[in-house]
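Fold and contact review
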Amino acid sequence: MITQEPRRPKWMLSTLEAAAMPSAENDKPNRETYRHGDLRNALIEAGLELARQGGPEAVVLRAATRQAGVVPNAAYRHFTDRNALLQAVSQTAMAHLARTMEAEQAALPPATDAAAAARARFRAVGTGYLRFAQEEPGLFRTAFHVPGDMTDVAAPTAAGATGKTPFELLGAALDDLLKAGLLPEDRRPGAEFLAWSAVHGLAALLIDGPLRGLHPTQAHDAGQHVIDMIERGI
């Protein structure tokens, strides 16, 4: 004899059915997503950390989104492709370089006269540039990795705390030398390119070339000798 299970009241049936049905909340993946009020800057900061560790080659969208804690597609709301992110990271790395140069100038002791102050500020530009290259080689490589023209080196996104980019800090230091009578007026045009080329060349040799094995004291002395050479040559 087959006994039938008692029929459940309709209210109980609906309750059981509702409990058995998967809710939309339960169907969602168990994933914590990083939400940031300024995702663009969060991705740039992630890109900076990638550049610091591995240079410009390490700056890729997927790695940046992973570090920022967002899904890869989220990056495309702010950067059309990997080159767009790399461009933004490059400009921000340039701004970090500018701040290091500014810090070198800010640390100068009071000068006795205008000529001494101008000379010290000019030398601090080169010293800060070389210091940044050796302390932050990944960011230094990234700062100069993206092909561009002179509009990039004067862009506000590449400026430090004073509102000047590294190139503009160099130009201001040369103008001070001119005002102090330490740089002849006819030799001022184009002096930025000569000074920049010499210091950047040494920086590249120190971090990527045969001079990368120099003792820090030797590297510092080499930098000062190059700046001496520039002072005599401009």
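Above this text sits the structure in question.
As a convention, each chain's residues are numbered from 1 in the sequence order in which they are written. Owing to the predicted nature of the model, reporting of local features is limited to residues with pLDDT of at least 70; listing and counting of side-chain atom pairs is limited to 80 or more, with chain, interface and lining totals taken over all residues. As a rule here, side-chain values come from all non-hydrogen atoms in the structure, and water together with hydrogens is ignored.

**Thoughts on the overall build of the chain**
Stated formally: Strands are runs of DSSP state E lasting at least two residues, helices are runs of H or I lasting at least four, and both sets are numbered from the N terminus onward. Think of it in three bands: residues with accessible area under 20% of the maximum for their type are buried, residues over 50% are exposed, and the middle band is partly exposed, with areas taken using a 1.4 Å probe on protein chains only. Any two residues having at least one pair of non-hydrogen atoms within 4.5 Å are treated as being in contact. The Shrake-Rupley method, run with a 1.4 Å probe, gives the accessible areas here. Residue values count only the displayed protein chains as cover.
Secondary structure assignment for the chain yields eleven helices and zero strands. Element order for the chain, N to C, with α for helix and β for strand: α-α-α-α-α-α-α-α-α-α-α. In the chain, buried positions account for 37% of the 234 residues. For the chain, restricting intrachain contacts to residue pairs at least 6 apart in sequence, the fraction spanning at least 24 positions comes to 70%. When the accessible surface of the chain is split by element, carbon and sulfur atoms take 55% of a total near 14,100 Å².

**Observations regarding the nonpolar core**
Test applied: The set of buried Ala, Val, Leu, Ile, Met, Phe, Trp, Tyr and Cys residues whose side-chain atoms join them within 4.5 Å is what this entry labels a nonpolar core.
Core analysis: the biggest nonpolar cluster contains 56 residues, and Leu43, Phe122 and Leu174 have the highest contact counts within it. Elements with a minimum of two residues in this core: helix 3 (39–54), helix 4 (61–68), helix 5 (82–106), helix 6 (114–135), helix 7 (137–143), helix 9 (166–179), helix 10 (191–208) and helix 11 (216–233). With nine residues, the single largest contributor to this core is helix 5. Non-local contacts of Leu43, meaning those with residues more than four positions away in its chain, are made with Ala64, Thr65, Ala68, Val70, Ala75, Phe79 and Leu85.

**Some details on helix 11**
Defined as follows: Given the number of residues in a helix, its expected span is that number minus one, multiplied by 1.5 Å.
Taking 1.5 Å per residue as the helical rise, helix 11 with its 18 residues ought to reach 26 Å, and the 26 Å between its terminal C-alpha atoms agrees with that figure. Buried within helix 11 we find Ala219, Ala222, Gly223, Gln224, Val226, Ile227 and Ile230. The inward-facing, buried residues of helix 11 contact helix 6 and helix 10.

**Points about the pattern of salt bridges**
Where we set the bar: Think of a salt bridge as a Lys or Arg side-chain nitrogen and an Asp or Glu carboxyl oxygen that are within 4 Å of each other.
One pass over the structure, following the stated rule, counts ten salt bridges. Arg119 is the partner of Glu231 in a salt bridge, and the nearest nitrogen-oxygen pair spans 2.9 Å. You can see Glu231 sitting in helix 11 and its partner Arg119 sitting in helix 6, a full 112 residues away along the chain. With a shortest N-O distance of 2.7 Å, Glu192 and Arg188 are connected by a salt bridge. Note on accessibility: Glu192 and Arg188 belong to one class, buried.

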